[in-house]
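This is what each chain is made of:
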Amino acid sequence: MGLKGVEEGWVKGEDVYIDGPVSFLGDVDPDRGTLERGGELLEIDDRIMVFTEGAGSTVGSYVIYNMRLNGVAPRGMIMCKADAIITIGCIVASIPLVHRIGLDDLREIGGSGWAEINSYLGLVRVGAGKKSR
Amino acid sequence: MELTGDEEKVLGGGSGPARELAMRILVNLGELEGADSLIPIVSAHISGVSYKTGGEGLIKMLERFHDDGGKVSVPSSLNPAGMDLDRWEGMGIDPAFAEKQGRIIELYSSLGVQTTCTCIPYEIFSRVHPVGFGDHIAWGESNAVIYANSMLGARTNREGAISCLASAIVGRTPNYGMHLDERRLPTIEVTIEGELTPLHHDLLGAYIGVNFNSEIPLIRGMGSPERPELKHMGAAMAAKGGLALYHVEGVTPESKRCDPSSFENNIKERVEISTEELSAVKEELYPTIDGEIDTFVIGCPQLGEFEFRRLNRALEGKALLPGKRILAFTSRDLLSSLDVELVRGVERAGVEIYRDTCMVVSPLDMMGVSRAGTDSGKAAHYLPRMSRISTELMPIEMIIEKATGPR
């Protein structure tokens, strides 16, 4: 599998799985570090976000940066396919991002409750330190 | 991606942290999009100017580039700001908003960006003059992107708010998409039946945008459309869909230079659409709204000389009814290039002219507007989404009739 690090970094922590594409402009409250999904507010502050892909306006990069400035940025992001908006947002906000993960693997990571990204070694761990690849 | 020695040096921080960050953004973007290299650009146009859309993140980002010694290395201009930079009080803008907006413009200026705030750099002589057919540029603002690619034959991807700034600083852009010959050939063919009115162009753009989100249309049967009509068509196409280029047979420069047999095999789908069908899809694309409309907004994209002349003729001998407003948006440079009498004529009828901004990026909702009429397919798309303003698309003649009363 071609797991690929976009913004480099080594982080671990609680993860949050988000169903469907994420539009940072619109879905995310950059003051509170929350994301709205189906009428519910999910905490993304200090979590590792696990989701398939992005959507929406290019101003979304600034929303990611706003979260960093407000101290409520996600700790990392794991995606099936990154796009320009999220890639650039993660670079300027220094949020480690890995992508090119298959949907089944993504769901497994998202369901584990805990993840570790080490983009230097090109690996993602899930669960209590269990190595997945 | 292959980098030159100089580019490697910038990426390694050898020419300062601002250029290093900008280079890192471009290299990552290029690798994501499968670019083989970076290519030099001759012009940049930067979106991400209004405080309404960029917020504090935009200010902090610009401060970071500024503190790190950033400077643009190619001629660069700005998209519309959230207010007329001089007459913001007359617009009803909150002073706190005005202060933040002023700070953004000041920071861009310190980076060496020309602070004319416009979405029609292609109609501003000093901006468009240096850009020639086939030139590589990095422009944000989707209507300017599609106009530059289609009408000027220049080459730019739909740049985001940060990537065009990074390109302006480095003077390069990743070589992919619209920069490549083979990615500019038409992929669908759209044949028009009937005579298009100006508003039909907005509807045609919206129809193509919705149904052919990432295609490159070749449009046939258009006759000889006026440039302002194509400006509106492209703006609607790029707002409703992700398009970056269209060809109009016998009109756009690439269609004139291209042998039809070279793209025959590239066409996936052929559609015909009549003016009656376009009128019929209007309700679906832009539903009629309830209630009396008191505010009309025109100039999306910002008004050019042709539109000012047309507006002046249509308003001759008329004045706005009490309680009715027409807000017109244009660029400072364009306005100062117009005949003074022309501008006075439009103002005498009661039209409010604002510069440096537009209805989409200014806080119209905070200015007490809740319903609006517009002649722009792009504005009618964005106003309900970005400012929660119920908006109805209508021809300019109807706007003038509703605002000044029946003849």
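Residues numbered from 1 in each chain as written. Chains lettered and ligands numbered in written order. Predicted model: local features only at pLDDT ≥ 70, side-chain atom pairs only at ≥ 80, totals over all residues. Heavy atoms only, no water.

## Regarding the overall build of chain B
Our working rule: A run of H or I in DSSP becomes a helix once it reaches four residues, and a run of E becomes a strand once it reaches two; helices and strands are each numbered from the N terminus. Radius of gyration: over C-alpha atoms. The globule rule applied is 2.2 Å multiplied by the number of residues raised to the 0.38 power. Working definition: with a 1.4 Å probe on protein chains only, accessible area under 20% of the residue-type maximum means buried, over 50% means exposed, and in between means partly exposed. Residue contacts are defined here by distance: any two heavy atoms, one from each residue, within 4.5 Å place the two residues in contact. Computed by Shrake-Rupley with a 1.4 Å probe, the accessible areas treat only the displayed protein chains as cover when residues are assessed. Working convention for charge: Lys and Arg count positive, Asp and Glu count negative, and His plus the chain ends are omitted. For this purpose, a charge sits on NZ of Lys, CZ of Arg, CG of Asp or CD of Glu.
Along its length, chain B carries 17 helices and 15 strands. Computed over the C-alpha atoms, the radius of gyration of chain B is 21 Å, within 12% of the 22 Å expected from 2.2 N^0.38 for a compact globule of 407 residues. The principal-axis extents of the C-alpha atoms in chain B amount to approximately 70 × 55 × 35 Å. Counting all 407 residues of chain B, 61% fall into the buried class. Within chain B, residue pairs in contact and separated by at least 24 positions form 79% of the contacts whose partners lie at least 6 positions apart. Summing over all exposed atoms, chain B offers an accessible surface of approximately 15,800 Å²; the carbon and sulfur share of this is 47%. Here chain B carries 41 positive and 58 negative side-chain charges, and the mean point of each set is 3 Å from the other.

## Some thoughts on the packing of helix α2 (residues 60–69) of chain A against helix α3 (residues 84–93) of chain A
Residue and element names in this part refer to chain A. Note the following rule: To get an axis, a line is fitted to the C-alpha atoms, and for a helix only the part in contact is used. The angle between two axes follows their N-to-C directions and goes from 0 to 180 degrees. To sort the angles, those under 35 degrees are grouped as roughly parallel, those over 145 as roughly antiparallel, those from 65 to 115 as roughly perpendicular, and the leftovers as oblique. By the definition used in this description, the sense in which the near helix is turned from the far one sets the handedness, with an anticlockwise turn below a right angle giving left-handed and a clockwise turn giving right-handed. Polar here means any residue other than Ala, Val, Leu, Ile, Met, Phe, Trp, Tyr, Cys and Pro, which are nonpolar, and Asp, Glu, Lys and Arg, which are charged; Gly is therefore polar.
Two elements in contact, α2 and α3, have axes separated by 8 Å at closest approach and are oriented at 30°. Considering the angle they form, α2 stands roughly parallel to α3. Handedness of the α2/α3 crossing: right-handed. In contact with Gly 60, Ser 61, Ile 64, Tyr 65 and Arg 68 of α2, α3 contributes Ile 85, Ile 86, Ile 88, Gly 89, Cys 90, Val 92 and Ala 93. Tallied by class, the residues present in the contact of α2 with α3 amount to 8 nonpolar, 3 polar and 1 charged.

## What to know about the interface of chain A and chain B
So the rule is basically this: What counts as buried area is the accessible surface, traced by a 1.4 Å probe, that two parts surrender upon association, with contributions from both included. Each reported salt bridge corresponds to a side-chain nitrogen of Lys or Arg within 4 Å of a carboxyl oxygen of Asp or Glu. Whenever two N or O atoms come within 3.5 Å, that pair is a polar contact, provided that in protein one can donate a hydrogen and the other can accept it, and provided that, for residues adjacent in sequence, both atoms are side-chain atoms.
Taken together, the contact pairs 19 residues of chain A with 20 residues of chain B. Taken over both partners, the interface formed by chain A and chain B buries close to 1,700 Å², and the fraction arising from carbon and sulfur atoms is 66%. By the criterion of area lost to chain B, the three top residues of chain A are A:Tyr62, A:Ile88 and A:Ile91, representing 37% of everything that side buries. At the boundary of chain A with chain B, the tally comes to 1 salt bridge. One salt bridge connects B:Arg24 with A:Glu7, and the closest N-O pair in it is separated by 3.0 Å. Viewed at the interface, chain B and chain A are joined by 4 residue pairs in polar contact (both at pLDDT 80 or more). Put simply, the parts of the chain that give the side of chain A that touches chain B at least two residues each are α2 and α3 of chain A.

## Describing the sheet that holds strand β12 (residues 325–330) of chain B
Residue and element names in this part refer to chain B. Applied cut-off: When DSSP finds two or more bridges between a pair of strands, those strands are recorded as paired.
Taking strand neighbours across the sheet as the criterion, the 5 strands line up as β13-β12-β11-β14-β15 in an open arrangement whose pairing is parallel. Among the strands making up the open sheet, the edge pair consists of β13 (352–355) and β15 (390–393). Here the strands of the sheet are splayed against their neighbours by 25° on average, with no regard to which way each runs. Pairing geometry for strand β11 (residues 295–303) and strand β14 (residues 371–374), over 3 bridges, is parallel. Bridge pairing in β14 places Phe 296 opposite Gly 373. Each of β11, β12 and β14 touches helix α17 (residues 396–404); the most contacted strand, β11, lies at about 145° to it.

## Side note on the packing of aromatic side chains
The description of two aromatic rings rests on the distance between their centres and on the angle between their planes. All names here are of chain B. Operational definition: Two rings from Phe, Tyr or Trp (for Trp, the six-membered ring) form a pair when their centres sit within 6.5 Å of each other. Planes less than 30 degrees apart are called stacked, planes more than 60 degrees apart edge-to-face, and all others tilted. Either the NZ atom of lysine or the CZ atom of arginine qualifies as a charge over a ring when it sits within 6 Å of the ring centre and within 35 degrees of the ring normal.
Per the stated rule, a full pass over the model turns up 4 aromatic pairs over all chains. Between Tyr 51 and Phe 97, the ring centres sit 5.8 Å apart and the planes meet at 75°, which makes this aromatic pair edge-to-face. Of this pair, Tyr 51 sits in helix α3 (residues 51–67) while Phe 97 is found in helix α5 (residues 95–110), placing the two residues 46 residues apart along the sequence. Residue Phe 97 is classed as buried on the basis of its relative accessible area of 8%. Aromatic side chains Phe 329 and Tyr 354 sit 6.1 Å apart centroid to centroid with 35° between the ring planes, which places their arrangement in the tilted category. Taken as a pair, Phe 329 in strand β12 and Tyr 354 in strand β13 lie far apart in primary sequence, 25 residues in all. Its end group placed over the ring of Tyr 286, Lys 240 keeps NZ or CZ at 4.6 Å from the ring centre. Between the NZ or CZ atom of Arg 257 and the centre of the ring of Phe 133, over which it lies, the distance is 3.6 Å.

## Here's the deal with the sheet that holds strand β3 (residues 76–78) of chain B
Residues and elements named next belong to chain B. Strand order in the open sheet formed by 4 strands is β4-β3-β2-β5, and the pairing between neighbours is parallel. Of all strands in the sheet, those with a lone pairing partner are β4 (114–117) and β5 (138–139), marking the two edges. Bridge count for strand β2 (residues 44–46) against β5 is 2 bridges, and the pairing is parallel. In the sheet register, His 45 faces β5, and the bridge partner there is Trp 139. Most of the contacts of α5 go to β4, to which it runs at about 140°, and overall it touches β2, β3 and β4. Against the sheet, helix α8 (residues 161–170) engages β2, β3 and β5, with an angle of about 145° to β2.

## Description of the domain arrangement of chain B
All names here are of chain B. Heads up, the condition is: Delimitation of the domains relies on an automatic or database domain assignment.
The domain boundaries assigned to chain B delineate domain 1 (5–180), domain 2 (185–282) and domain 3 (295–404). Computed from C-alpha coordinates alone, the two centres of domain 1 and domain 2 are separated by 28 Å. With 16 residues of domain 1 at the contact, the number on the domain 2 side is 18 residues. Approximately 1,500 Å² of surface area, both sides summed, lies buried where domain 1 meets domain 2, with 65% of it carried by carbon and sulfur atoms. Looking only at domain 1, the three residues that lose the most surface to domain 2 are Phe 133, Ile 146 and Met 151, adding up to 38% of its buried area. Summed over the shared surface of domain 1 and domain 2, the result is 1 salt bridge.

## Describing the nonpolar core
Quick reminder of the rule: Here, nonpolar core refers to any group of buried Ala, Val, Leu, Ile, Met, Phe, Trp, Tyr and Cys residues whose side-chain atoms link them within 4.5 Å.
Core analysis: the largest hydrophobic core is formed by 92 residues, its most contacted members being A:Phe24, A:Met77, B:Tyr108 and B:Met359. Counting contributing residues, this core receives three or more from each of domain 1 (5–180) and domain 3 (295–404) of chain B. If sequence neighbours within four positions are ignored, A:Met77 has contacts with A:Phe24, A:Met49, A:Phe51, A:Ile64, A:Ile86, A:Cys90, A:Ile95, A:Pro96, A:Leu97, A:Val98 and A:Ile117. Grouped together as the second largest cluster of nonpolar side chains are 74 residues, B:Tyr122, B:Ile208, B:Leu311 and B:Ile399 included.

## Digging into unusual backbone geometry
Between B:Cys300 and the following residue, B:Pro301, the backbone shows a cis peptide bond with an omega angle of -5°. Within the secondary structure, B:Pro301 is located in strand β11. With a phi angle near 65°, A:Asp46 is a residue other than glycine that sits in the positive phi range. Along the chain, A:Asp46 turns up in the loop between β5 (40–43) and β6 (48–51). Here A:Ser94, not a glycine, exhibits a phi torsion of approximately 50°, which is positive. Looking at the secondary structure, you find A:Ser94 in the loop between α3 and β8 (97–99).

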